[in-house]
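# Descriptive analysis of the structure
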Amino acid sequence: MSTPQHSHSVFDFHGRPPLARALPLSFQHILAMIMGTVTVPIIVVGAAGGSLADQMLLIQVSLIASALATLVQLYGVGRFGARLPTIFGVGFAYVPTLVAVGAQYGIGGILGAQVVGGIAMILVGLFITRIRHLFPPIVAGVVVLVIGLSLYDIAIHYMSGGVGASDYGDPQNWLVALVTLGVVLGVSQFARGFMKLAAIICGIGAGYALALALGMVDFTPVREAGWFSAPRLLPHELEFHAAAILSVVIICVVNSVQTIGDLSATSVGGMNREPTTRELFGGLLGNGATTAVGSFFGAMPTSSYSQNVGIVAMTKVVSRFVLALAALFLLVAGLVPKFGAVMTTIPYPVLGGATITVFGMITMTGIQLITRDEMSARNMTIASLALALSMGVYAVPEAIGQLPAMLQLVVGGSPIVVAALVAFTLNLVLPRRSLADEAAEREALARAMAEEEPTGRRAQRAEGGRPS
């Protein structure tokens, strides 16, 4: 019997569809995450008091690190890499911690602490076979659900024009965002075949064209960007400070929980199965290695991208060839800044209108994960309390204003941290009772109460009478 040829299906992880079909689907992933990849180093450098040269360097290296981290996750290097259809890049979850560390210790303090944080991620991965039972679907699902909910304000800020924009909330911004959203919805619901899969790119194309006609596109970054720039080793001297290391290690360990959630959401949403222990092991090791090694070149820590998880869940396109094209684009964008600068000309309202549906899909994937476990009173308590505390603190940050600064960084920086800690802790301490156990307890309680009831009152009730 002859050996089967490689599949050309976009729904097969090992499939290699034609470039004409793969490129537009790949472009959706690029557009969903490139602004985040560029924005994070801009925010961090500003907080650390870095120069414009520092900013351009960190943007460049962050694009390259995102590309390499994604390729490691898709194809694997030895035991490193999940070999799942996932995109990794510089994550927003780190921003509050990095901003605080950078303001006090500078970029060198961030990068030094990041080396230790990456090693902490690797340690979590090494012990994943022993600790995976600590992260059942109820815990991973709550983390994914809160990830989705915490992204909504980002989408709304984007649709309004971007935080700090002079025209924030302008009706023109909302017009562009809603047109983009409308095209995404229309194509995804009424188109057929390939066009249905490319709904997001169609929406971004329509929104970009409208924004261009309204004079909202600025090509200045393209004119000012250079043609080629290679990363260099140790652009900043690494500094190691205990407080900075503690803060970064905590957020890196918590981010490992987010990575478990994202990898679970990817396999459940795109492949209709739970991830294997080997896939989680490789994913965590790969993320830790790229985070630690990237520090020596000035890259920010990497993370799984929840918005791209949403695209995989929504389109069911799991071909690693499609996602690898996105990684190669990021690599080229990092080496050729002018090429990458073209992507930054997409106005925020266009990105917001296109990604809000993706963020909603992440939320629904979290719910799907949660409901894979039976909805016992125990599991409902874990999910409801983790959700209430995490989103409550996120909505009212001043409520923890009197806590130590270090604790504020960990607890108030991201609702994902609170959700992960609460769900993880409750899963450990609450007694494990299934729906059958709870039903048996209720029946036993009912029998005990019936036996304790006075004989005369039972007889009267059986006769339909009343006690005198």
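Here's a quick rundown of the structure.

What counts, and where the lines are drawn
- Residues numbered from 1 in each chain as written.
- Predicted model: local features only at pLDDT ≥ 70, side-chain atom pairs only at ≥ 80, totals over all residues.
- Heavy atoms only, no water.
- Helix = DSSP H or I, 4+ residues; strand = E, 2+ residues; numbered from the N terminus.
- Rg over C-alpha atoms; globule rule 2.2 N^0.38 Å.
- Buried < 20%, exposed > 50% of the residue type's maximum accessible area, 1.4 Å probe, protein only.
- Lys, Arg positive; Asp, Glu negative; His and termini not counted.
- Charge placed at Lys NZ, Arg CZ, Asp CG, Glu CD.
- Core = buried A, V, L, I, M, F, W, Y, C linked by side-chain atoms within 4.5 Å.
- Contact = heavy atoms within 4.5 Å.
- Phe/Tyr/Trp six-rings, centres within 6.5 Å; stacked < 30°, edge-to-face > 60°.
- Polar contact = N/O pair within 3.5 Å; in protein donor to acceptor, adjacent residues only side chain to side chain.
- Salt bridge = Lys/Arg side-chain N within 4 Å of Asp/Glu carboxyl O.
- Expected span 1.5 Å × (residues − 1).
- Axes fitted to C-alpha atoms, helices over the stretch in contact; angles between N-to-C directions.
- Parallel < 35°, antiparallel > 145°, perpendicular 65-115°, else oblique.
- Left-handed = near helix turned anticlockwise from the far one by under 90°.
- Nonpolar A, V, L, I, M, F, W, Y, C, P; charged D, E, K, R; others polar.

### Details of the overall build of the chain
In terms of helices and strands, the chain carries 21 helices and 2 strands. Whereas a compact globule of 468 residues would reach a radius of gyration of roughly 23 Å, the chain reaches 25 Å, a difference of no more than 12%. Expressed as lengths along the three principal axes of its C-alpha atoms, the size of the chain is roughly 95 × 60 × 55 Å. For the chain, the residues scored as buried account for 52% of the 468 residues in total. Counting 25 positive and 23 negative side-chain charges, the chain places the averaged centre of each group 10 Å from the other.

### Focus: the nonpolar core
Across soluble globular proteins, you tend to see nonpolar side chains buried next to one another. Formed by 93 residues in total, the largest nonpolar core has its most connected members in Ile34, Val142 and Met300. Sorting elements by how many residues they give to this core places helix 11 (residues 242-271) first, with 11 residues. Setting aside chain neighbours within four positions, we find Met300 in contact with Val40, Val44, Leu58, Ser62, Val90, Leu98, Ile110, Leu111 and Gln114.

### What to know about the packing of aromatic side chains
How two aromatic rings sit relative to each other is given by the distance of their centres and the angle of their planes. The tally for this structure, following the rule as stated, stands at 2 aromatic pairs. Each ring, one from Phe27 and one from Phe329, has its centre 6.3 Å from the other, and the planes form 80°; the classification is edge-to-face. Taken together, the residues Phe27 in helix 1 (residues 19-48) and Phe329 in helix 14 (residues 320-335) connect sequence positions 302 residues apart. On the basis of relative accessibility, which here comes to 29%, the residue Phe27 falls in the partly exposed class. Centroid distance Tyr158 to Tyr348: 4.7 Å. Interplanar angle 55°. Geometry classified as tilted. With Tyr158 in helix 6 (residues 152-160) and Tyr348 in helix 16 (residues 348-370), the pair connects residues that are 190 residues apart, well separated along the chain. By relative accessible area, which is 13% here, Tyr158 ends up buried. On the accessibility criterion, Tyr348 (26% relative accessible area) is partly exposed.

### What to know about the side chain of Thr290
One can find Thr290 in helix 12 (residues 277-295). Relative accessible area serves as the criterion here: at 17%, Thr290 is assigned to the buried category. In terms of polar contacts, Thr290 uses its side chain to reach the backbone carbonyl oxygen of Gly286, at 3.0 Å. A polar side-chain atom of Thr290 sits 3.0 Å from a polar atom in the side chain of Thr302. The contact partners of Thr290, leaving out residues within four places of it in the chain, are Ala69 and Thr302.

### Considering the pattern of salt bridges
Applying the stated criterion across every chain, the model contains 2 salt bridges. For Glu279, the salt bridge goes to Arg273, with nearest N and O atoms at 2.8 Å. The class of Arg273 is partly exposed, set by a relative accessible area of 28%. Put simply, Glu274 and Arg372 hold a salt bridge, and the shortest N to O gap is 3.9 Å. With Glu274 in the loop between helix 11 and helix 12 and Arg372 in the loop between helix 16 and helix 17 (377-395), the pair connects residues that are 98 residues apart, well separated along the chain. Assessed through its relative accessible area of 27%, Glu274 is described here as partly exposed.

### Some words on helix 11
Over its 30 residues, helix 11 extends 42 Å from the first C-alpha to the last, a length consistent with the 44 Å expected when each residue adds 1.5 Å. In terms of residue burial, helix 11 counts as a mostly covered element, since 23 of its 30 residues are buried. Positive backbone phi, at 55°, marks Asn272, one or two positions downstream of helix 11.

### Things to note about the packing of helix 7 (residues 171-190) against helix 9 (residues 199-213)
Where helix 7 meets helix 9, the closest approach of the two axes is 8 Å, and the angle between their N-to-C directions is 150°. Judged by the inter-axis angle, helix 7 sits roughly antiparallel to helix 9. Crossing angle aside, the handedness with which helix 7 passes helix 9 is right-handed. In this structure, helix 7 contributes Leu175, Val176, Val179, Thr180, Val183, Val184, Val187 and Ser188 to the contact, and helix 9 contributes Ala199, Ile200, Cys202, Gly203, Ile204, Ala206, Gly207, Leu210 and Ala211. A class-by-class count of the residues in the contact of helix 7 with helix 9 yields 13 nonpolar, 4 polar and no charged.

### A look at the environment of Val142
With respect to the helices, strands and loops of the structure, Val142 is situated in helix 5 (residues 137-150). A relative accessible area of 1% means that Val142 is categorised as buried. For Val142 and Gly186, which are 44 residues apart along the polypeptide, the C-alpha to C-alpha distance reads 30 Å. For Val142, the residues in contact, after removing those within four places along its chain, are Pro137, Ile370, Ala383, Ala386, Ala419 and Ala423.

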